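# Residue-level structural notes
Here is what each chain is made of, one letter per residue.
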Amino acid sequence: MNGIVDYTRPSSLAEALEQKAANPGAAWLAGGTGILAGDSRPRPAALIDVGRLLPRAIRMADGELLMGAGASFQDIADCDLVPASLREAALTMVNRNTRNRATIGGNLGANKSCASLIPLLLVLDAKLIVEGGKKTRLGAAEWLADRSGLVLEAAIASDPGRRSSYLRWARSSCDLSVLTVAVSCIVTSAGLSSLRIAMGGLASHARRFGELEALFEGMALPPREAIEAASAPLFNPIDDLRASAAFKRLRAATLLADAMHAAAGSALAASSPAATPGVRQ
Amino acid sequence: MKVSFKLNGRSVKWDCEANESLRDALRRKGITSVRNGCDGEGSCGLCAVILDGRPVNSCQILALQAEGCELATVEQQSRERKLSIVQRALVDASCVQCGYCTPAVALAVQDLLERSKDPSEEEIRDALSGTLCRCTGYEQFYAAVRIASKRLTDPGYADPAGPEFRKDLRHVGKDREKVDAAALALGEKAFVEDRVEAGACHLAMLRSPHAHAWIKSIDTAEAEAMSGVVEVLTYLNCPGAVYTTAGQGFPEPSPYDQRMFSKKLRHVGDRVAAVLAESPEEAAAALKAIKVEYEVLKPVLSIAQAKAAGAPVVHSGAVSYVVGEAPAGTSVEGDGRDDPIIYQFPLHADPHHNLAASVADGIGDIEKGFAEADVVIERKYKGNRVQCTPMEPHVVYAKIDSGRLVIHASTQVPWHLRRIVATAVGISENKVRVIKERVGGGFGAKQDIVLEDVVGYLAWKTGRSVFWRYSREEEFVASRTRHVMEVTVKLGAKRDGTLTAILMRLDADTGPYGQHCLTVPMNAISKSLPLLLCDNARFEVKSYYTNLSPAGAYQGYGAPKGSFALQTALAELAAELGLDQIDMIEKNRVRSGARIEILKSLGEGRPGAAVTLGECGLGEMLDRGMKAFAWRGPRPESSDRDWRLGRGAVIIQQGSGLPGLDSANAELRLLRDGTVLMLSGGADLGTGLDTLTSKAAAEILGLEMGDVAVISGDTDITPFDKGAYASSGTFFSGNAAVRAAEDLRDKIIATAALILGEDPADLKIAHRGMVKGKKGEISLARLAHMSTQGEGHGELVGFGNFKTEHAAFPYGAHFVQVAVNTRTGEVRLDRYHAYQDCGTPINPALAIGQIYGGVLKAIGHSLYEEMLYDDNGRCINANFLDYKIPTINEIPKDFHVELVPVADEVGPFGGKSVSEIALNGAAPAISIAIHDAVGAWLREWPFTSERVLRAMGKL
Ligand SMILES: Cc1cc2nc3c(=O)[nH]c(=O)nc-3n(C[C@H](O)[C@H](O)[C@H](O)COP(=O)(O)OP(=O)(O)OC[C@H]3O[C@@H](n4cnc5c(N)ncnc54)[C@H](O)[C@@H]3O)c2cc1C
Ligand code: FES
Ligand code: FES
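Residues numbered from 1 in each chain as written. Chains lettered and ligands numbered in written order. Predicted model: local features only at pLDDT ≥ 70, side-chain atom pairs only at ≥ 80, totals over all residues. Heavy atoms only, no water.

### With respect to the packing of aromatic side chains
Residues and elements named next belong to chain B.
- Scanning the model with the defined rule gives 22 aromatic pairs over all chains in all.
- Ring plane angle 15 degrees and centroid distance 5.2 Å describe the contact between Tyr321 and Tyr343, whose orientation is recorded as stacked. With Tyr321 in strand S12 (residues 319–321) and Tyr343 in strand S13 (residues 341–343), this residue pair connects regions lying 22 residues apart in the sequence. In this structure, Tyr321 and Tyr343 share a single accessibility class: buried.
- With centroids separated by 4.9 Å and ring planes inclined at 65 degrees, the aromatic side chains of Phe476 and Tyr883 adopt a geometry described as edge-to-face. With Phe476 in helix H13 (residues 472–477) and Tyr883 in the loop between helix H21 (844–863) and strand S37 (894–899), this residue pair connects regions lying 407 residues apart in the sequence. The pair formed by Phe476 and Tyr883 is uniform in burial state, with each residue classed as buried. (Phe/Tyr/Trp six-rings, centres within 6.5 Å; stacked < 30°, edge-to-face > 60°. Helix = DSSP H or I, 4+ residues; strand = E, 2+ residues; numbered from the N terminus. Buried < 20%, exposed > 50% of the residue type's maximum accessible area, 1.4 Å probe, protein only.)

Shown next as structure tokens:
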């Protein structure tokens, strides 16, 4: 492995934060599946191993679901307290060996365009508990804007009645996601309310799509074709080796339509393409 | 820094650098079961360990992070080399082919069974989701887990036996343990990388960043002066010989167009300079200190560009012919700058116009045939470049021992390797010993001498031991790939479907060098055209040089692309005529007793001849497939409005070695205790060839499998064999073993007759290890003892040589059912049935495993795999994150292999080849099924969602 010359394993969070303050160029090391991936990829010269210091428990407290930043994707998938959509999202990291190491904190810290958990954390309005950053409790979107400090926990407030869904598109089961979409909403007799949509793969980071939310807020759940037609023009993906921009635009629109129907609990959602063996779309 | 942890129950304290991965530390400390298949990307899972109770990839963990942890590797599963329940189940279910992935699979299954005693299929998939295996097709892993799960409560549990054949024989046709499976499951030393000794030097290669360029200047002085650097090699100080890297029989049908290093660079990744240094780090550092100035040329990046008038010329050296003349009108004069090109004999080439080889021939009158047709269609099909991706990349370790060059190789062709390295280094063959180690997957890529020439030369020159292992990226860009082929098929037929004419025009992209440039594309014709009986047939094959990654052999050897084009075209014609596609096949297919005239023009390396086929099992295979798929019943319908179902069926064939060209030899020695030693020239790549040669000896000499030990592929010890290619293992190497055993049997009988004073005709070999006569009997042990005493007649050794003029064709019928999502273009494989005739299945479960593995590779090629290039000819997906090979999740829900044997009169115990043919069915069958589902023809593989939507006109 390249690069690393200084590896430290502080014995307390306080010591970890001190080390980081003393060497701001040093990077946190949690599961290592991002920062240590690829034998010949460049690595930070200094790593502060917080893998065993970060809280790992997933628990309910004061009406909130609290997930330790050190909880692995497998911990999330295995925990009944976690909303089904988030557990499903964790399982879209199909590779079990990686799921056993990769953490929520690392998913946020890396902030990749196709991160599996971030879109759901955004649409479930997760708050992050952070040490050494600008604030100690802030929204996930706000933290992602500059990613300063060490995330300790992610909190999701109970929001009875809110439904959520997550879908992704990848070329094969173990592929990194090319497109992701998370939707949450409250379905009332009047239609979709408090609709939140976050998508990845369409820009350098996953983000909320306010323009789409506004488009469909308050409406009865539109047919999938209508969602596709309305949303596709709003997507501006780029061509890359995984697919052309034109395909991604079309595919993002179908994903969104399926995810909205899944979240709204429509019977139509059963026709989401999740039928591919092992590929949870 | 020090790190202390528990490894397999014992405390260890190691010194590790901050940047050392846990995988590298474990290997450094001799834990060979922890392997590396993806250079730390996290995709392959071969470096798996169990850390504090969870399976994880040790490449993405620093050794120092293991402080205070409990770590288990597969070594923990077994005591005193006895297989654990899981390892035993993997062996029993025939899951160990090359075995490179087996320790990782064993750990994943161990973890699964600890979590779930009786796991569901979904849990099994999930447990193995992070482990790549390129050999097995994963299907038999389900059986292994089931067996292991049952044995947890019932240690004596045995799965019901699979299909058995040849009731008259003891071992042949029955499942026996693969002879190398146990050692591989235990993770013992077996592969080249396990042989490297302390003090070995490491090689690193500076590679061309340009697809096409001259080296204007190269300065290695600084690199040479760096610490640890032993030697730097470039075109300025390497031997001058040109050769082909193709491990084919001599004289090769591939041009000699490659020097060890050249001034001209012909693809991104071409060799610029090699550094030999005392450590990998020092080698890598020295590479950076080499200064090169390039004169960049316009590259040739497609077949169309290679053909174009005024195209850049990939090879501009002088062209000469050892035998024969240059074709009229071609230029042979070199530019005085580029390396020469030597053809062993003419291949209708014109290298200065990028034409590496060509051939055209046929039977009947094609124009007349089209004139007689009621319907004529012409379609063009394209198969893109795919990579063999053996889990163990190319690797070699060479050293000098007693004045000779000893090469530990991961190769399919030990004897061709010896010849080519001796030529490249400039020494005689008796100075070179090649030891084929266990091979972690070859699939054709290891039929070429890709790194042994330079390693052999540097070991010979410096006297140092030299180790070189390709990175995964190098494996993609500087190993061998399947040729891109563009095949135009024109078919004419009567209304009832009878073909009146077939024309196949095939253009292939051989890449920068001409290894296999004629034979691979030619095989696309010769393993597809003879499936259809048509009086008027013609083919035209052209193979072009380009500046893309080198092409070469890949399981199926061109046949999958020919099969894709011809079988799909036949189905397109059926659709045009309103016929059922199987009726169309039935109308035209080869059948028992048919005279195959086209073989006249398809001679491989010599004139061809028409053949009258004996029995052909295709009818039975088609019947079984049609029954399983209820072909004549109502079409299956999807209950989901987004998905449409479709079915496809194809017939396929292959050969069994190269009759009249190749030969194999084996020797069998009777040892003092009545056991035997098989010395087989054959190169077992994980295919089970060593098991087959053992079986031949055990069967013929009335022994148990454990009474036979095999040594194979060692050029000093075992006799010559052509190598493992062209589906020749069973037929050639197997037959050589049969003959060696028969020869030894005859000698045993003759000697026993003398000792017992009986007529040899009255003596028989009896189980176990006895010779029985009318009056007396003698054991093989006693016979061996007596033969080697002062009064004996000398050690009893049998020798077998096999060569033949007989062509044995295995046939197959593959059936597929797909679901296609009409909104997203996604293709889901619901069912895949492979009915195949491999003659007598010598070891049925291993044969079935070979077929599963072959089919899944072809599914990967059909649906996901494609090497992609940017505008400068650089491959942009040379890794497993971007280039997706199938995992256990990609296997069809109903994946079924059935053997339909038609014994061959010449094959060993009636056996024929089995694995290569399995790759010929998926692409056409899936393409036909997609059309059946959504009415769109997919004529370019892979059939990505995007291509499906485009074909459907939705994009
Ligand atoms: C084979 C493979 C498959 C993958 N598949 C997926 C997938 O399907 N979906 C997906 O989203 N990702 C995937 N990834 C990418 C990546 O592993 C994950 O995003 C993962 O969540 C990273 O977590 P980690 O704990 O391993 O992070 P690390 O590698 O330890 O760290 C990643 C980054 O986050 C920072 N960081 C870590 N913890 C914290 C914290 N608590 N607070 C602040 N910053 C922190 C680090 O400094 C670093 O910059 C995959 C990776 C591999 C190797
Ligand atoms: S080498 Fe570790 S996952 Fe491939
Ligand atoms: S047996 Fe799995 S990679 Fe060869």
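Let us keep going from here.
### Brief notes about the interface of chain B and chain A
- Counting from both sides, the interface comprises 60 residues of chain B and, opposite them, 61 residues of chain A.
- Looking only at chain B, the three residues that lose the most surface to chain A are Arg54(B), Gln60(B) and Arg823(B), adding up to 14% of its buried area.
- On the surface where chain B and chain A come into contact, there are ten salt bridges.
- As a salt-bridge pair, Arg641(B) and Glu225(A) come within 3.9 Å of each other at their nearest N and O atoms.
- On the surface where chain B and chain A come into contact, there are 29 residue pairs in polar contact (both at pLDDT 80 or more).
- Only strand S3 (48–51), strand S4 (54–57), helix H3 (102–115), helix H4 (121–127) and helix H23 (945–951) of chain B provide two or more residues apiece to the side of chain B that touches chain A.
- Class assignment of the residues belonging to the side of chain B that touches chain A gives a composition of 21 nonpolar, 18 polar and 21 charged. (Contact = heavy atoms within 4.5 Å. Buried area = accessible area lost by both parts, 1.4 Å probe. Salt bridge = Lys/Arg side-chain N within 4 Å of Asp/Glu carboxyl O. Polar contact = N/O pair within 3.5 Å; in protein donor to acceptor, adjacent residues only side chain to side chain. Nonpolar A, V, L, I, M, F, W, Y, C, P; charged D, E, K, R; others polar.)

### Observations concerning the environment of Gly317(B)
Residue and element names in this part refer to chain B.
- With respect to the element layout, Gly317 can be found in the loop between helix H9 (303–307) and S12.
- Spatially, the C-alpha atom of Gly317 lies 6.3 Å from that of Ile341, the residues being 24 residues apart in sequence.
- Not counting chain neighbours up to four residues away, the residues in contact with Gly317 comprise Val332, Glu333, Gly334, Asp335, Asp338, Asp339, Ile341 and His352.

### Here's the deal with the side chain of Thr510(B)
All names here are of chain B.
- One can find Thr510 in strand S23 (residues 499–511).
- The class of Thr510 is buried, set by a relative accessible area of 0%.
- Of note is the side chain of Thr510, whose polar atom sits 3.1 Å from the backbone oxygen of Tyr513.
- Not counting residues up to four positions away in its chain, the partners in contact with Thr510 are Ala356, Arg385, His483, Gln515, Cys517, Ser543, Tyr544, Tyr545, Pro550 and Ala551.

### Focus: the pattern of salt bridges
- Inspection of every chain in the model, using the stated rule, returns 98 salt bridges over all chains.
- For Arg23(B), the salt bridge identified is with Asp24(B), shortest N-O distance 2.9 Å.
- On the accessibility criterion, Arg23(B) (3% relative accessible area) is buried.
- The class for Asp24(B) is partly exposed, based on a relative accessible area of 29%.
- Residue Asp159(B) is joined to Arg146(B) by a salt bridge in which the shortest nitrogen-to-oxygen separation is 2.6 Å. Taken together, the residues Asp159(B) in the loop between helix H5 (139–153) and helix H6 (181–186) and Arg146(B) in helix H5 connect sequence positions 13 residues apart.
- Counted as one network, the salt bridges with shared partners bring together Arg224(A), Glu228(A), Asp258(A), Asp642(B) and Arg823(B).

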